[in-house]
Amino acid sequence: MKLKIHIILTALLTLCASLAARGQLSTTLLDSLNSKLQRNYENGTPAEDNIKILRTLYDMTKITSPYLALEYAGQALQITASAEDSTKRAEWHEAIGEIYFEQKVYYMAMENYFTAYRLYKDAGDMKRAAYALLHYGDTYFIQNVEAVAMSNYGKADTIFLNIANEAGHAEALMRMGRVELEQYQYDKAMEFFQKAHGFAHHANNPKLQGMSYAYMAELYDLEDEYDKEEANLNNAVTQFRMAGEKYEMAKTYYRLGEMHFKNDKLDDAYTNFMRSFNIFSGYGTIKPVAAINNRLGRIGFLQGDFGTAELQAKRALSIADINQWLNEKADALQLLSDINNSLGRVDSAYIYLTRFTSAQDSIFLAKSEESFSELQVTISTQEKEKELALAEQTIQRKQNVTNLIIILSIIVALFLVYALINFLRAKKMNALLSKTNDEINQKNTEITKQRDQLESVTAELRQRN
């Protein structure tokens, strides 16, 4: 046991050193880019250069510092606000929507995804418009308004089919399958997932294939078919590795760990949690890191390794406390209470249990607020859908006007071509007629001349006679 603790402590120390070095490098790069951006603002550098820097800053911070990423996206949106290219504005509305969605500020995510959809559609970029519509549907799905989510997924899927985009069609099918899964329609859900997998395979898209495997694994988990779940999760890991999707790999390893933990296969659970931890930790101090620390601590507790369990639980509590991650904080407090109770530290166990109860109350309050938010979404859904329908009508009217202008332009062009042809034909005929008249006049002149000569000869003959 001491050897195991020593190995874990050594691994943690090595990891912390690695993260510190990586964090220092990231901070240095962030500072450098921020300084360059500030100089660009002062020197009046072209907007395009600043947009590139802001995109890099956004990508670097969207996972570890989402609200900082939101600030960068806001700056970029300000720069593109006066641009004629509505596609660029749509891109940043979509980026802002992504941050708000991950931070569970769903009404703001809805607004930005909806705006992105309209801008993309106005620009005629139907592929991106369909993806924005999928994200817009996600905001309803996450708030349990499945009917509206399904409606928007269906609209997006229609667009993907019209533009023959197999990858987008696969994503829409997976989302529709997810709605069926939420409504316990397992057969329909599996049908959607399998169709999506087929299209993803045909499109040669390993990321989407991985996602389809992950969704099928989720269905098998609900049906307690753990062998099939494990097989699909392993297939998902393989596909995500091929696609270079490390974050998705980490999530899938975590799910494998959860599956094994649920089935009391603690060694297998430990292996997969560590695989997940090693990837997630590369993104800095994020919520999954705290969750995995709790899981590793719980495994140590169940195996009687209280020292390791306490170390992991305190680590999880520390980062969850700082970041106000209530669920992870509650799990860590409960684990610490159980550990201290098992070790006979009754007072400490009681203190942790009291803190755990307080954390549970906070979670209940947060869930109540989420339920109220869901109720507000349900109430405002009809208005939002009316707005979407109105936007669709406006866009359709614009399209109809455009089509009418094109048709009229074609008719005018044909008329002009016809008139030009007639003009050229008439001109040619007039030229030919003029030439013919000239020839006739010339012949008449010759005839008159010959007649005059004949008359002259005749007169001369008469005079001689």
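Predicted model only: the values in this text are computed from it and were never measured.

Let's shift gears to the overall build of the protein chain. Counting secondary structure elements, the protein chain contains 17 helices and zero strands. Expressed as a percentage of its 465 residues, the buried residues of the protein chain come to 38%. In the protein chain, the share of contacts with a sequence separation of at least 24, taken over all contacts with a separation of at least 6, comes to 58%. When the accessible surface of the protein chain is totalled, it reaches about 26,600 Å², and 55% of it is carbon and sulfur.

Take the packing of aromatic side chains next. One pass over the structure, following the stated rule, counts eleven aromatic pairs. Taken together, a centroid distance of 5.6 Å and an interplanar angle of 65° make the contact between Phe101 and Tyr106 edge-to-face. Through successive ring pairs, a cluster of aromatic residues spans Phe114, Tyr136 and Tyr140. Against the face of Trp92 rests Arg55, its NZ or CZ located 4.3 Å from the ring centre. It is Arg178 that lies over the ring of Phe141; its NZ or CZ is 4.3 Å from the centre.

Let us now look at helix α12 (residues 246-262). Side chains of residues three or four places apart in an α-helix project in the same direction, reflecting 3.6 residues per turn. Here α12 is 17 residues long and its end C-alpha atoms lie 24 Å apart, about the 24 Å a rise of 1.5 Å per residue gives. For α12, the set of buried residues is Glu248, Met249, Ala250, Thr252, Tyr253, Leu256, Gly257, Met259, His260 and Phe261. At its buried positions, α12 is contacted by α11 (226-243), α13 (266-280) and α14 (287-302). Phi turns positive, to about 60°, at Asp264, one or two residues after α12.

Between two packed helices, what matters for the description is the angle formed by their axes and the separation of those axes. Packing of α13 against α14 brings their axes to within 10 Å, and their N-to-C directions diverge by 155°. Classified by the angle their axes make, α13 and α14 are roughly antiparallel. Seen from above, α13 lies across α14 with left-handed handedness. Where α13 abuts α14, its residues Leu266, Ala269, Tyr270, Phe273, Met274, Ser276, Phe277 and Phe280 lie against Pro288, Val289, Ile292, Asn293, Arg295, Leu296, Ile299 and Leu302. Each residue belonging to the contact of α13 with α14 can be placed in one class, and the counts come to 13 nonpolar, two polar and one charged.

In this section: the pattern of salt bridges. Applying the stated criterion across every chain, the model contains 18 salt bridges. One salt bridge in this structure joins Arg175 and Asp138, with 2.9 Å as the shortest N-O distance. Of the two residues, Arg175 sits in helix α8 (residues 166-182) while Asp138 sits in helix α6 (residues 126-141), which places them 37 residues apart along the sequence. For the pair Arg175 and Asp138, a shared accessibility class is recorded, and that class is buried. Bridged by salt links that share partners, the residues Asp138, Glu171, Arg175 and Arg178 form one connected network.

On to the packing of helix α4 (residues 86-102) against α6, then. At a minimum axis separation of 11 Å, α4 and α6 run at an interaxial angle of 25°. The orientation of α4 with respect to α6, classified from their angle, is roughly parallel. Our pair here, α4 against α6, has a crossing hand that is left-handed. Contact residues: α4 offers Thr87, Glu91, Glu94 and Phe101, while α6 offers Arg128, Tyr131, Ala132, His135, Asp138 and Thr139. Partitioning the contact of α4 with α6 into residue classes produces three nonpolar, three polar and four charged.

Positive phi, close to 65°, is recorded for Lys104, a residue that is not glycine. With respect to the helices and strands, the residue Lys104 is situated in the loop between α4 and α5 (106-122). Phi at Asn204 is positive, roughly 55°, even though this residue is not glycine. Summarising the element assignment, Asn204 is placed in the loop between α9 (186-202) and α10 (206-222).

Moving on, we come to a nonpolar patch on the surface. On the surface, Leu404, Ile407, Leu408 and Ile411 cluster together into a nonpolar patch covering about 380 Å² of accessible area. Structurally, the position occupied by Ile411 is in helix α17 (residues 346-464). Accessibility expressed as a relative area gives 48% for Ile411, which makes it partly exposed.

Right, let's get into the environment of Ala332. Within the secondary structure, Ala332 is located in helix α16 (residues 326-342). Take Ala332: its relative accessible area is 0%, and that puts it in the buried class. Sequence separation of Ala332 and Asp321 is eleven residues, and the distance between their C-alpha atoms is 9.9 Å. Setting aside chain neighbours within four positions, we find Ala332 in contact with Asn294, Ala313, Ala316 and Leu317.

Summing up the model confidence of the protein chain, the mean pLDDT is 84 and the portion of residues at 70 or higher is 86%. Predicted confidence for residues 1-25 stays below pLDDT 50, and this span has 19 contacts to residues more than four positions away or in other chains.

Here Asp305 is to be found in the loop between α14 and α15 (306-323). Classification of Asp305 as buried rests on a relative accessible area of 3%. Within the structure, the side chain of Asp305 is placed 2.9 Å from the side chain of Thr308, a separation counted as a polar contact.

Quick notes on the rules
Along each chain, the written sequence defines residue order, and numbers are assigned to residues from 1. Owing to the predicted nature of the model, reporting of local features is limited to residues with pLDDT of at least 70; listing and counting of side-chain atom pairs is limited to 80 or more, with chain, interface and lining totals taken over all residues. Side-chain figures throughout are based on the complete set of non-hydrogen atoms in the structure, without hydrogens or water. Elements are defined by DSSP. Helices are runs of H or I of four residues or more, strands are runs of E of two residues or more, and each kind is numbered from the N terminus. For each residue, the accessible area found with a 1.4 Å probe, counting protein chains only, is set against the maximum for its type, and the residue is called buried under 20%, exposed over 50%, and partly exposed in between. It only takes one pair of heavy atoms within 4.5 Å for two residues to be counted as in contact. Exposure was quantified through the Shrake-Rupley algorithm and a 1.4 Å probe, taking into account, for residues, occlusion by the shown protein chains and nothing else. The aromatic pairing rule takes the rings of Phe, Tyr and Trp, using the six-membered ring of Trp, and pairs them if the centres are within 6.5 Å, calling planes under 30 degrees apart stacked, those over 60 edge-to-face and the rest tilted. The rule for a charge over a ring is simple: NZ of Lys or CZ of Arg within 6 Å of the ring centre, and within 35 degrees of the ring normal. Here, expected helix span is obtained from the residue count minus one, scaled by 1.5 Å. Simply put, an axis is a line fit to the C-alpha atoms, just over the touching stretch for a helix, and the angle between two N-to-C directions goes from 0 to 180 degrees. Between 65 and 115 degrees an angle is taken as roughly perpendicular, under 35 as roughly parallel, over 145 as roughly antiparallel, and anywhere else as oblique. In this scheme the handedness of a crossing depends on how the near helix is turned from the far one: anticlockwise by less than a right angle means left-handed, clockwise means right-handed. Side-chain classes follow a simple rule in which Ala, Val, Leu, Ile, Met, Phe, Trp, Tyr, Cys and Pro form the nonpolar group, Asp, Glu, Lys and Arg form the charged group, and the remainder, Gly included, forms the polar group. The salt bridge definition used is simple: a Lys or Arg side-chain nitrogen within 4 Å of an Asp or Glu carboxyl oxygen. By definition, no residue in a patch forms a salt bridge, and every one has over 30% relative accessible area; like charges are joined within 9 Å, nonpolar side chains (Val, Leu, Ile, Met, Phe, Trp, Tyr) within 5 Å. Per-residue confidence from the predictor is given as pLDDT, running between 0 and 100. Polar contact is defined as a pair of N or O atoms within 3.5 Å, subject to the rule that within protein one atom must be able to donate a hydrogen and the other to accept it, and that residues adjacent in sequence are counted only when both atoms are side-chain atoms.

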